[in-house]
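A look at the structure
Listed below, chain by chain, are the residues.
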Amino acid sequence: MTNTFNPYGLPAEKKLAQHFEKIKQIKIKDLFVKDPKRFEKFSIKDGELFADYSKNIITEKTLELLFEFAEQSGLKQAIEDMFLGKKINATEQRAVLHTAARSFLKEDDSVISDGVDITAGLRELFEKIADFTKKITAGTIRGASGKIFTNIINIGIGGSELGPKLLVSALKTFGNKNLKVKFISSPDPSHATEALKQINPETTLFIVVSKSFTTKETLLNYKTARKWLLNAGIQKEDLKKHFVAVSENKKEALNSGILPNYFFKTESFINGRCSIWSGAGLCPCIFLGADIFTDFLSGAYQMDIHFRRQPFEKNLPIILGLIDIWYYNFFNAQTWAVFPYEQALSVLPFYAAQLCMESNGKSVDRQGKKINYHTAPIVWGMPAPGAQHSCFQALHQGTRFTPADLLSPALTQNGNKNVEILAANHFAQAEVLMNGKTQAEIYNELKKTGASDSFIKKTAPFGIIQGNSPSTSFIYKKLTPHLLGKLIAMYEHRIFVQGILWNIFSFDQWGVEAGKQMADKILSELKQQNKKPKRDSSTAGLINTFKKFQE
Ligand code: F6P
C-alpha cells in the first residue's frame, strides 16, 4: 500500500498533498494561540447536538482544499443521487434509501425509485409496525396460552442486531417497563441459553430479523427458540404465535412457519447495516412505542435535511468525512476510535464499526480498478470512562496516530445534572491529548513531591506526553430518541462522504460471503469421522486437534 492519495487524479488531490507537506508538523495547541477565534470557527451546533472539531490538525486552508477536493469529486451530486433513489449501489443494482425510511414522515416528501413511489410502501410498513406495537402493548395479541407478552427477544446478527440493540440500550429509560428485551445473535449455544434463562416461554415473543433469511447463525437460533418453546409444552401448531419475522425474503420466512401478518418486510433499498430504519426497527418500536420511535426517525430526518442542504463549510457529516480522509490518506492513521462517555451509548462503537468497515472496507474503485490508497480504518472504541483506565495510556504515550471521537451529555436522560464528571473527564482528555505534558511540567510536578533531583532526572522522561493527538468532541443536551436519530444519521452520512471521496461503492459487501461459504465446508469436515480434511496443514491440524479434544 503506497497510500498515494489519487482516487480521481484531481488537481485538488495534488494541492492537498503539497499542503500536507507544509503543515504536517504543525501543533494543534499553537493554532489556538495564533487564532483566539479557532473554537468558534471550527465548531457546529445543530439543535441539541454540538460538534467541536477545533482540536484537529487542520487550518482554514486545509478545509478550503478539502472542500475543493469534495467539490471536484462530485460529492454534491452524489448526495443528491442517493436521496433521489438513483441505483448508487451499482454492483447490486439497487438504490440506497434509508433516508426515505425517515422522510416518509413528511407528507410532501415522496421518493420515486424504479418508477415506484417507495414512500407509500415505507409508510405502510411503519403503520403495520405501529399497529403491531399497539396490539402487543395492549395485550390484544397474546401467546399460545393466552398470556400477554412480557419478553421480546430479537434473534439476528450484524446489522440485524446492532441497530435494534443500540436503540434499546440507548433509550432504555424511555422503554415499556413491563417488557424485557433481549438479544440472541451468536451461534454459541450459551448465548441463547443465557437469554432464555428465568423467562416464561408462554409470555415470550421472538423477532427473527434477517434480511436474507439465510444467515446460518440466525436460523440456528430460530431453531433453538422453537425447541425451547416445544420443551416448555407449547404445541407445534401454536409456535407461530410466538414468532415474528423481519426480512426481504418473504417466501423463506413464511415457509419457515411465520404467519403472514407476523411478517414485516425489510426493503431491498435499505442496506443491512442501516436496517434499523426499516423492519429491524420492530423490536425497539415495540419496546419504545411508535411515538418515541417516530421521534427517533425525525431526528435522523433533521440530519438528512442538514446534510442535503447545508453548504460544505457548515455541513457536519461532510466536514467529519473530509477530516477522516485527511487523517487516513495523509497522516496514514490506521484506526478511528469512538468513545462515548454515556453508558447508554456503549453499543455505538460497534454500530459505527459495522457502518464504516462494512461500507468502506474496500480495495477496488468504482471502475473496478485495484486502488493504492487507504480506505476504511479499523474502527474501535468503548465507553470512555473505562477506556481512560485501560487504553488511553496508548493514546497519550503510544506511537500510533489515533484520531478519536469523544461524546458526552450535558444532562442525564431524566434531565438531572449529575454528569459534570463525564464532561470534566471528556474535556480533560481532549485537552491532554492535544497539549501533552512537557518535561518541564513533569519536573515541576515531581519537584513538588519533594523527590530528589537524581530521581526526577531519571524519571521525568517516562512522564512525557507528546500531545498533538487529535480528537473531535460532541456534546449533546441529553440522549433523547430525537438526538439518537440525529447522531446515527450523522455517522451514516459521514461514512457516505468517505466512500465518495475514496471513489468506492459503500453499499455492497462482497467480502463477507467467502468466509460463510468456507465455514459451511469446514463444518461438514468437522462432523465427518476420520476423513482426512483436504486443507492446508494448519486448518487440517486444527480440525484434527479439535476432534481429539472432543473425544
Ligand atoms: O454478513 C454480513 C451481513 O450480511 C450484514 O450485512 C448483515 O447485517 C448481517 O450479515 C446479517 O444479514 P441478514 O440480515 O441477512 O441475516
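The following refers to the structure shown. (Residues numbered from 1 in each chain as written. Predicted model: local features only at pLDDT ≥ 70, side-chain atom pairs only at ≥ 80, totals over all residues. Heavy atoms only, no water.)

**Quick word on the overall build of the protein**
Going by this rule: Runs of E in the DSSP output that reach at least two residues are strands. Runs of H or I that reach at least four are helices, and both are numbered from the N terminus. Radius of gyration: C-alpha atoms only; globule rule: 2.2 Å multiplied by the number of residues to the exponent 0.38. Contacts were defined at the residue level, with two residues in contact if any of their heavy atoms lie within 4.5 Å. Residue-level accessible areas treat just the shown protein chains as cover; the underlying method is Shrake-Rupley with a 1.4 Å probe. Two residue types count as positive, namely Lys and Arg, and two as negative, namely Asp and Glu; His and chain ends fall outside the count. Where a charge sits is defined by one atom per residue type, namely NZ (Lys), CZ (Arg), CG (Asp) or CD (Glu).
If you tally the helices and strands in the protein, you get 23 helices and 13 strands. Whereas a compact globule of 551 residues would reach a radius of gyration of roughly 24 Å, the protein reaches 26 Å, a difference of no more than 12%. Seen through its C-alpha atoms, the protein measures out along the principal axes to roughly 80 × 60 × 55 Å. Summarising the internal contacts of the protein: among those between residues at least 6 apart in sequence, 73% fall at separations of at least 24. Total accessible area on the protein stands at roughly 24700 Å², and carbon and sulfur atoms take up 57% of it. Here the protein carries 70 positive and 54 negative side-chain charges, and the mean point of each set is 5 Å from the other.

**A closer look at the packing of aromatic side chains**
To keep it simple, the criterion reads: Aromatic pairing here means that ring centres of Phe, Tyr or Trp (its six-membered ring) are within 6.5 Å. Orientation follows from the plane angle: under 30 degrees is stacked, over 60 is edge-to-face, and everything else is tilted. Exposure categories follow from relative accessible area, calculated using a 1.4 Å probe and restricted to protein chains: below 20% of the type maximum is buried, above 50% is exposed, and the middle band is partly exposed. Any Lys NZ or Arg CZ that is within 6 Å of a ring centre and within 35 degrees of that ring's normal is treated as a charge sitting over the ring.
Here the structure, examined in full by the defined rule, presents 33 aromatic pairs. Relative to Phe-496, the ring of Phe-307 has its centre 6.2 Å away and its plane inclined at 85°; by these criteria the two rings are edge-to-face. Taken together, the residues span a long stretch of sequence, with Phe-307 in helix H13 (residues 290-309) and Phe-496 in helix H21 (residues 481-501) at a distance of 189 residues. As far as the burial class goes, Phe-307 and Phe-496 line up, both buried. Within the aromatic cluster, the residues linked to one another by ring pairs are Phe-5, Tyr-8, Phe-20, Phe-69, Trp-326, Tyr-327, Phe-330, Phe-331, Tyr-373 and Phe-401. We note Arg-38 situated over the ring of Phe-42; from NZ or CZ to the ring centre the distance is 4.3 Å.

**Considerations on the site of the ligand**
For clarity, the threshold we go by: Summary of the distance rule: residues count as near a molecule or strand when at least one heavy atom falls within 4 Å of that molecule or strand. Whenever two N or O atoms come within 3.5 Å, that pair is a polar contact, provided that in protein one can donate a hydrogen and the other can accept it, and provided that, for residues adjacent in sequence, both atoms are side-chain atoms. The distinction between a cavity and a pocket rests on a 1 Å grid over the protein atoms alone: a 1.4 Å probe fits inside a cavity but cannot get out, while a pocket stays open yet meets protein on both sides within 12 Å along at least five of seven lines, and a residue with an atom within 4 Å of a point counts as lining. Being in a pocket or cavity means that more than half of the molecule's atoms lie within 2 Å of its grid points. Polar here means any residue outside two lists: the nonpolar Ala, Val, Leu, Ile, Met, Phe, Trp, Tyr, Cys and Pro, and the charged Asp, Glu, Lys and Arg; Gly therefore counts as polar.
Close to the ligand lie Ile-157, Gly-158, Gly-159, Ser-160, Ser-210, Lys-211, Ser-212, Thr-215, Gln-354, Glu-358, Val-512 and Lys-516, which account for all nearby residues. The contact in question runs from an oxygen atom of the ligand to an N or O atom on the side chain of Lys-516, over 2.9 Å. Protein burial of the ligand: of its 390 Å² of free accessible surface, 87% is covered by the chains. The cavity that encloses the ligand is the largest pocket. Of all the elements in the fold, those that place two or more residues in the shell around the ligand are helix H8 (159-170), helix H15 (348-360) and helix H22 (511-527). Its residues assigned to classes, the shell around the ligand comprises two nonpolar, seven polar and three charged.

**Comments concerning the sheet that holds strand E13 (residues 471-476)**
Note: strands within a sheet are paired through backbone hydrogen bonds, in either parallel or antiparallel orientation. To keep things clear, this is the line we draw: Two strands are counted as paired when DSSP detects at least two bridges linking them. Every axis in this analysis is a line fitted to C-alpha atoms, fitted for helices over the stretch in contact. Angles between the N-to-C directions lie between 0 and 180 degrees.
An order of E1-E2-E13-E12-E10-E11 is seen for the six strands of this open sheet, with the pairing classed as mixed. Single-partner strands in this sheet number two, and they are strand E1 (43-46) and strand E11 (378-381). The sheet shows a mean angle of 15° between the axes of neighbouring strands, taken without regard to direction. Note: strand E2 (residues 49-52) against E13, four bridges, orientation antiparallel. Opposite Leu-49, over in E13, you have Tyr-476 as the bridge partner. Each of strand E10 (335-340), E11 and strand E12 (404-409) touches H15; the most contacted strand, E11, lies at about 175° to it.

**Quick look at the side chain of Thr-218**
Here Thr-218 is to be found in helix H10 (residues 216-231). The buried category is assigned to Thr-218, whose relative accessible area is 2%. If we ignore the near neighbours within four places in the chain, the residues touching Thr-218 are Ile-155, Gly-156, Ile-157, Val-208, Val-209 and Ser-210.

**Concerning the nonpolar core**
Rules: Only buried residues count toward a nonpolar core, which is a set of Ala, Val, Leu, Ile, Met, Phe, Trp, Tyr and Cys residues joined through side-chain atoms within 4.5 Å.
By size, the foremost hydrophobic cluster in this structure holds 151 residues, and its most contacted members are Phe-132, Trp-326 and Tyr-491. Residues in contact with Phe-132, not counting those within four places in the same chain, are Ile-141, Leu-205, Val-244, Asn-261, Tyr-262, Phe-264, Leu-282 and Ile-286. With 14 residues, the next largest nonpolar core counts Phe-339, Tyr-341, Cys-391 and Ala-430 among its residues.

**So, H10**
Put simply, the rule is: Given a helix with a known number of residues, its expected span is that number minus one, times 1.5 Å. Arc definition: it is the arc formed by the directions from the helix axis to the C-beta atoms.
Over its 16 residues, H10 extends 22 Å from the first C-alpha to the last, a length consistent with the 22 Å expected when each residue adds 1.5 Å. Residues Thr-218, Asn-221, Tyr-222, Ala-225, Trp-228 and Leu-229 constitute the buried set of H10. For H10, the buried positions fall inside an angular range of 120° around the axis, keeping them on one side. Those residues of H10 that are exposed and aimed more than 90 degrees away from the buried face are Lys-216, Lys-223, Lys-227 and Asn-231. Elements in contact with the buried residues of H10: strand E5 (151-155), strand E6 (180-184), helix H9 (189-196), strand E7 (204-209) and strand E8 (243-247). A positive phi of about 100° marks Gly-233, the residue just after H10.

**Some thoughts on the pattern of salt bridges**
For the record, the criterion: Any carboxyl oxygen of Asp or Glu that lies within 4 Å of a side-chain nitrogen of Lys or Arg is treated as forming a salt bridge with it.
Per the stated rule, a full pass over the model turns up 28 salt bridges. Between Lys-41 and Asp-35 there is a salt bridge, with its nearest N and O atoms 2.6 Å apart. Close ionic contact of Asp-81 with Lys-86 constitutes a salt bridge, the shortest N to O distance being 3.3 Å. Residue classification places Asp-81 among the buried residues on the basis of a relative accessible area of 18%. What emerges from the salt-bridge pattern is a single network uniting Asp-35, Lys-41 and Glu-60.

**Considering the pairing of E10**
Side-chain positions along a regular strand alternate between the two faces of the sheet. Let me state the cut-off plainly: Note on handedness: a crossover is taken as right-handed if, strands pointing away from the viewer, the path from the first strand over the helix to the second is clockwise.
The buried fraction of E10 is high, at five of six residues. Handedness of the crossover joining E10 and E11 through H15: right-handed. Bridge count between E10 and E12: four bridges; the pairing is parallel. Bridge assignment links Pro-340 to a residue of E12, and that residue is Leu-407.

**A word on the sheet that holds E6**
Across the sheet, five strands lie side by side as E6-E5-E7-E8-E9; this open sheet has parallel pairing. Two strands close off the open sheet at either side, each with one partner strand: E6 and strand E9 (263-265). Within the sheet, the average angular offset between the axes of one strand and its neighbour, ignoring direction, is 20°. Looking at chain direction, E7 and E8 are connected through four bridges and run parallel. Counterpart to Phe-206 in the pairing with E8 is Phe-243. In the packing of H8 onto the sheet, the strands contacted are E5, E6 and E7, and the crossing angle to E6 comes to about 155°. Contacting E5, E6 and E7, H9 crosses the sheet at an angle of about 170° to E6.

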